[in-house]
Amino acid sequence: IDLQIEAWFKAQQVANGLMKSGETGDFVSLYDNALAAYVFMANKDFESAANIFDFFKGRINSELKVSPGGFSQFRNAVGTPNKHRWLGDNAWLLMAINTYKSLTNATEYDELASELETWIRSLQDTDGGVYSGFDSNGDLLDYKVTEGNIDAFCAIPGYDDFHKNVLQFFEDDRWEMSDQNLVAWRENPQFLYALDVHAWSYCCFKNYTTSALTSADRFLCTKTVTLTGMPVTGYCFDEDQDVVWLEGTGQMALAYRLAGNETEANYYLNEMLKAYKKSETHENAGGFPYAAN
């Protein structure tokens, strides 16, 4: 199955280096491209990862450095952007570029990394939180998303005042003492907690409380896989438990693995396999739907 998944990624990359998010249509996500670069690097396919970075390197002056800056969250496969610049997606691209350099010692993306870092730093508010980016009209998204702030904390290399101020923002505004977790959205109690904040916090911050793993049980549910009719146990996005989100379930498996709990990690990875499907478009390839049901 690993080889089929890798083949699926290869088949999804178009001539300009971009990765299409799905087999149909021409929708392209910046976040998906950053994660795809990680898949390629994990399989030592540095050329395919570089093809992604080359696309964005070629648009430093025409997109990244044009006010209000940043790369668009979405575009089509030709490369036309929707002009909505989202903090988290740009941070993930920077993380992928930094990882590429650490693995290859290549310097050809140094300018790209530097400009992305400058843009992310520019979004930090006086309270330490980092704004979410800009909408398609170029107006500031003047709210702060916990997940995006974790992304930014990890994407900016080193540890300086930027990182200290993000941590101060978390302590002052997003830390729930009773639960020992970062919260996602205080203004809407129904969605106070979010799965990705649990998993990502544990993976990102040294000595983060293990309550991020145990309290994530609030998202656990069992659903029937639409494609196969099999029951699958995994994690929902939030506490309404109406769907098994496969990416988030994989995030939790990684968090358990980092915690040294291979039993839990392997359990959820095996549950995910129940939703695996061979591609009807690409030969000897396959993957997972966005959600199980």
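Please refer to the structure placed before this passage.
Residues take numbers from 1 onward in each chain, read along the sequence in its written order. Totals for whole chains, interfaces and linings use every residue, but because this is a predicted model, local features are given only for residues with pLDDT of at least 70 and side-chain atom pairs only at 80 or more, for both listing and counting. Neither water nor hydrogens contribute to the side-chain values; these are computed over all heavy atoms in the structure.

Student: Before we move on, could you go through unusual backbone geometry and cite the residues and values that matter?
Tutor: The amide bond that connects Ser 67 to the next residue, Pro 68, takes the cis arrangement and shows omega of 10 degrees. Labels follow the DSSP assignment, with helices taken as runs of H or I lasting at least four residues and strands as runs of E lasting at least two, numbered in each case from the N terminus. Note on placement: Pro 68 falls in the loop between helix H4 (60–64) and strand E2 (74–76). With a phi angle near 60 degrees, Lys 44 is a residue other than glycine that sits in the positive phi range. Mapped onto the fold, Lys 44 is located in the loop between helix H2 (30–42) and helix H3 (46–57). Judged by its relative accessible area of 68%, Lys 44 falls in the exposed class. The phi torsion at Asn 207 lies on the positive side, around 60 degrees, for a residue other than glycine. Looking at the element boundaries, Asn 207 is found in the loop between helix H9 (195–204) and helix H10 (211–214). Relative accessibility decides the category of a residue: with a 1.4 Å probe and only protein chains considered, values under 20% of the type maximum give buried, values over 50% give exposed, and everything between is partly exposed.

Student: Give me the state of the cysteines: which residues, what numbers.
Tutor: Put simply, a disulfide is two cysteine sulfurs that come within 2.5 Å. For the structure shown, the criterion picks out zero disulfides. In this structure Cys 221 is not part of a disulfide, and its nearest cysteine sulfur, from Cys 236, lies 5.3 Å away.

Student: Can you explain the nonpolar core? Please cite residues and give values.
Tutor: Buried together is how nonpolar side chains tend to be arranged in soluble globular proteins. The definition of a nonpolar core used throughout is a set of buried Ala, Val, Leu, Ile, Met, Phe, Trp, Tyr and Cys residues joined through side-chain atoms within 4.5 Å. Core analysis: the largest hydrophobic core is formed by 77 residues, its most contacted members being Phe 53, Phe 56, Leu 112 and Ile 120. At nine residues, helix H5 (residues 87–104) tops the list of elements feeding residues into this core. Among all residues touching Phe 56, those that are not within four sequence positions of it are Leu 18, Leu 30, Phe 71, Arg 75, Leu 93 and Leu 112. Counting residues in each nonpolar core, the second largest holds 11 residues, with Cys 221, Cys 236, Val 243 and Val 244 among its members. Only heavy atoms enter the contact rule, under which two residues are in contact if any of them lie within 4.5 Å.

Student: A description of the side chain of Thr 146 should follow, citing residues and the corresponding values.
Tutor: When you line up the elements, Thr 146 lands in helix H7 (residues 146–155). Using a relative accessible area of 1% as the deciding quantity, one classes Thr 146 as buried. A distance of 2.8 Å separates the side chain of Thr 146 from the side chain of Arg 174, its partner in a polar contact. What Thr 146 contacts, discounting residues up to four positions off in sequence, is Phe 170, Arg 174, Leu 182, Val 183, Ala 184 and Val 197. Within 3.5 Å is the distance limit for a polar contact, defined as a pair of N or O atoms, with the added protein rule that one can donate a hydrogen and the other accept it, and that residues adjacent in sequence qualify only through two side-chain atoms.

Student: Can you break down the side chain of Ser 48 residue by residue, with the values?
Tutor: Checked against the element boundaries, Ser 48 lands in helix H3. Among the polar contacts made by the side chain of Ser 48, one reaches the side chain of Lys 10 at a distance of 3.1 Å. The contacts of Ser 48, once residues within four sequence positions are left out, are Lys 10, Gln 13 and Phe 40.

Student: Lay out the packing of helix H11 (residues 246–258) against helix H12 (residues 262–273) in plain terms, naming residues and giving numbers.
Tutor: Note on method: axes are straight lines fitted to C-alpha atoms, helices fitted across the in-contact stretch only, with angles between N-to-C directions ranging 0 to 180 degrees. Between H11 and H12, the least distance of the axes is 7 Å, while the angle of their chain directions is 160 degrees. For the element pair H11 / H12, the angle class is roughly antiparallel. For H11 against H12, the interelement crossing comes out left-handed. Taken together, the residues of H12 that come into contact with H11 (itself represented by Leu 246, Thr 249, Gly 250, Ala 253, Tyr 256 and Arg 257) are Glu 262, Glu 264, Ala 265, Asn 266, Tyr 268, Leu 269 and Met 272. Under the convention adopted here, Pro, Cys and the residues Ala, Val, Leu, Ile, Met, Phe, Trp and Tyr are nonpolar, Asp, Glu, Lys and Arg are charged, and Gly plus all remaining residues are polar. Looking at the contact of H11 with H12 residue by residue, the class counts come to seven nonpolar, three polar and three charged. When describing relative orientation, an angle under 35 degrees is termed roughly parallel and one over 145 degrees roughly antiparallel, while 65 to 115 degrees is termed roughly perpendicular and anything else oblique. Each helix crossing is assigned a hand: it is left-handed if the near helix lies turned anticlockwise from the far helix by less than a right angle, otherwise right-handed if that turn is clockwise.

Student: Residues and numbers for the pairing of strand E8 (residues 231–235), please.
Tutor: Counting buried residues in E8 gives four out of five residues, a clear majority hidden from the surface. Bridge count for strand E7 (residues 220–224) against E8 is five bridges, and the pairing is antiparallel. If you follow Leu 220 over to E8, its bridge partner there is Tyr 235. Counted between consecutive antiparallel strands, the loop separating E7 from E8 contains six residues, among which Gly 229 sits at a positive phi close to 75 degrees. Between any two strands, pairing holds if DSSP finds at least two bridges.

Student: Residue-level account of the packing of H2 against H5, with values.
Tutor: The contact between H2 and H5 brings their axes to 8 Å, and the two run at 20 degrees. Compared by their axis directions, H2 and H5 come out roughly parallel. In this structure, the crossing between H2 and H5 has a hand that is left-handed. Contacts between H2 and H5 involve Leu 30, Tyr 31, Ala 34, Leu 35, Ala 37, Tyr 38 and Met 41 on the former and, on the latter, Asp 89, Asn 90, Trp 92, Leu 93, Met 95, Ala 96, Thr 99, Tyr 100 and Leu 103. The class makeup of the residues in the contact of H2 with H5 is 13 nonpolar, two polar and one charged.

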